[in-house]
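For reference, the chains in residue letters:
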Amino acid sequence: MAYIPYGRQDISDEDIQAVVEVLKSDFLTQGPVVPKFESLVAEICGAKYATAVNSATSALHIACLALGIGKDDLVWTSPNSFVASANCAVYCGAKIDFVDIDPRTYNLSAEKLEEKLINAKKIGKLPKLVIPVHFSGQPCDMEKIFSLSQEYGFKIIEDASHAIGAKYKNEPVGNCKYSDITVFSFHPVKIITTGEGGMTLTNDKELQIKLYRLRSHGIVRDSREMTHPPDGPWYYQQIELGYNYRLTDIQAALGLSQLNRLDQFIKRRHEIANIYRNLLIDKSIVLPYQNPENYSSFHLFVIRIKTKEFKISHKQAFEQLRNSGILVNLHYIPIYRQPFYSKFGFKLSDFPETEAYYSEAISLPMYPGLTETEVKEVVHRLTNPIGYQTLF
Ligand SMILES: *Cc1c(COP(=O)(O)O)cnc(C)c1O
């Protein structure tokens, strides 16, 4: 490959074989592989129920609906996330607001959340739902967020799009011990892939029934969920407005096969992180903080450039790397800065940590197939800018 992307899928011959088998079988969708994939993810994560869907965006949408989020409800999330973490609330007619990030983990700050809740209570504007995002695969402070949810009465969806395979205090992310629903993404840049795909996990039977129904048009086939006994053997009922958010068996087969290598993928991501750490000893570069109590899935390797001390500016570093075929990225443009959201009148000064982060962050390439030579190349390009030597 002539360029080095920031993230990339890892596809084996076994993965390809698994997909081919489904293509030769009777069911391309709504067959036996989707439930197998769901059961295995639920088992790995220690959750009771899983519902596979066609993206994490869809998963977030039906998760909000299952929790009863509707018109004018208040939903809070992290501004340092992909827009989908906020869009899901807007789809439901809810109002979105953001909680500033923790300066070390870049996750939604549980301390800032508490401050914001205290103020919101005074003016009677408490959120109905908070969506913490396990940024880069590093779990949020879920114990604290959960205890705040008990005190202030809000629901929790964990956006764990980056974090399948991560551990929070020795327990798998996705067990929903501190949340109502957890969501995973299987987009090709994420930890495992199904091409496009996502999943909801929950331990709550009632929520599971709703999630399952919303995935497929709001239709039920179990007579116990119908408003009256079936008219006949052909019968099904649509009892609410749902969607076609189904995952295909073709995709589920890929996901199921990828799960075999989940631990291996994350182990390799940690190895790559260590190579970066050993090479990036420049004091003007802040390396990703790792909470020793948790185990990150290392979806992203984000560094911060202390612009005043580093040789080149943040923008120059991007240009430098991109011009040499290293497709670094910035995760994320703060959601409140997006034109669609800025019209709601957010003030940049309400998010000082997110703003500081945005002016310094770079996601370096991070994926299992990245070689040591490539990591060295990335570091070399970053720390030895072209033309820099001639300046001094
Ligand atoms: C990727 C991502 C999503 C959306 O996932 P899709 O599967 O592409 O819909 C949502 N939230 C976060 C934090 C993500 O990184």
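Caption draft 1: Quick peek at unusual backbone geometry. His331 connects to Tyr332 through a cis peptide bond whose omega is 5°. Considering the arrangement of structural elements, one finds Tyr332 in the loop between α10 (314–323) and α11 (339–342). Of note, the phi angle at Gln30 is positive, near 55°, even though the residue is not glycine. For Gln30, the location among the structural elements is in the loop between α1 (13–23) and α2 (33–45).

Caption draft 2: Broad picture of the sheet that holds strand β9 (residues 198–202). Within the open sheet, the seven strands sit side by side as β1-β9-β8-β5-β4-β2-β3. Their pairing is mixed. Of all the strands in the sheet, the pair left with one neighbour each is β1 (49–53) and β3 (95–98). The mean inter-strand angle of the sheet, taken between neighbouring strand axes irrespective of direction, is 20°. With four bridges connecting them, strand β2 (residues 74–77) and β3 associate as parallel partners. Among the inter-strand pairings, Leu74 is bridged to a residue of β3, identified as Lys95. Across the sheet, helix α3 (residues 56–66) is in contact with β1, β4 (129–131), β5 (155–159), β8 (181–185) and β9; its angle to β8 comes to roughly 165°. Docked against the sheet, helix α7 (residues 205–215) engages β1, β8 and β9, running at close to 15° with respect to β1.

Caption draft 3: Inspection of the pattern of salt bridges at higher detail. Under the criterion given, the structure shown has 22 salt bridges. Across the pair Lys95 and Asp72 runs a salt bridge, and its minimum N-O distance is 3.8 Å. You can see Lys95 sitting in strand β3 and its partner Asp72 sitting in the loop between α3 and β2, a full 23 residues away along the chain. The partly exposed category is assigned to Lys95, whose relative accessible area is 48%. Residue Lys306 pairs with Glu360 through a salt bridge whose shortest N-O separation is 3.2 Å. In this pair, Lys306 sits in the loop between β13 (301–305) and α10 while Glu360 sits in the loop between α12 (352–358) and β14 (361–364), placing the two residues 54 residues apart along the sequence. A relative accessible area of 11% places Glu360 in the buried class.

Caption draft 4: Geometry of the domain arrangement of the protein. Split into domains, the protein comes out as domain 1 (4–259) and domain 2 (262–383). One C-alpha centre belongs to domain 1, the other to domain 2, and the line joining them spans 25 Å. If you look at where domain 1 meets domain 2, you find one salt bridge. If you look at where domain 1 meets domain 2, you find 23 residue pairs in polar contact (both at pLDDT 80 or more). Of all the secondary-structure elements, those providing two or more residues to the side of domain 1 that touches domain 2 are α4 (84–91), β3, β6 (167–168) and α8 (249–259). In terms of residue class, the side of domain 1 that touches domain 2 is built from 25 nonpolar, 13 polar and nine charged.

Caption draft 5: Region of interest: the pairing of β9. Burial analysis of β9 places five of its five residues in the buried class, which makes it a mostly covered element. Both faces of β9 are covered, namely the face carrying Gly198, Thr200 and Thr202 and the face carrying Met199 and Leu201. Examined bridge by bridge, β1 and β9 share five bridges and lie antiparallel to one another. Along β9, the bridge assignment pairs Ala50 with Leu201. Relative to β9, β8 is paired through four bridges, and the arrangement is antiparallel. The partner of Phe184 across the bridge, within β9, is Met199.

Rules used in this analysis
Residues numbered from 1 in each chain as written. Predicted model: local features only at pLDDT ≥ 70, side-chain atom pairs only at ≥ 80, totals over all residues. Heavy atoms only, no water. Helix = DSSP H or I, 4+ residues; strand = E, 2+ residues; numbered from the N terminus. Pairing = 2+ DSSP bridges. Axes fitted to C-alpha atoms, helices over the stretch in contact; angles between N-to-C directions. Contact = heavy atoms within 4.5 Å. Salt bridge = Lys/Arg side-chain N within 4 Å of Asp/Glu carboxyl O. Buried < 20%, exposed > 50% of the residue type's maximum accessible area, 1.4 Å probe, protein only. Domains from an automatic or database assignment. Polar contact = N/O pair within 3.5 Å; in protein donor to acceptor, adjacent residues only side chain to side chain. Nonpolar A, V, L, I, M, F, W, Y, C, P; charged D, E, K, R; others polar.

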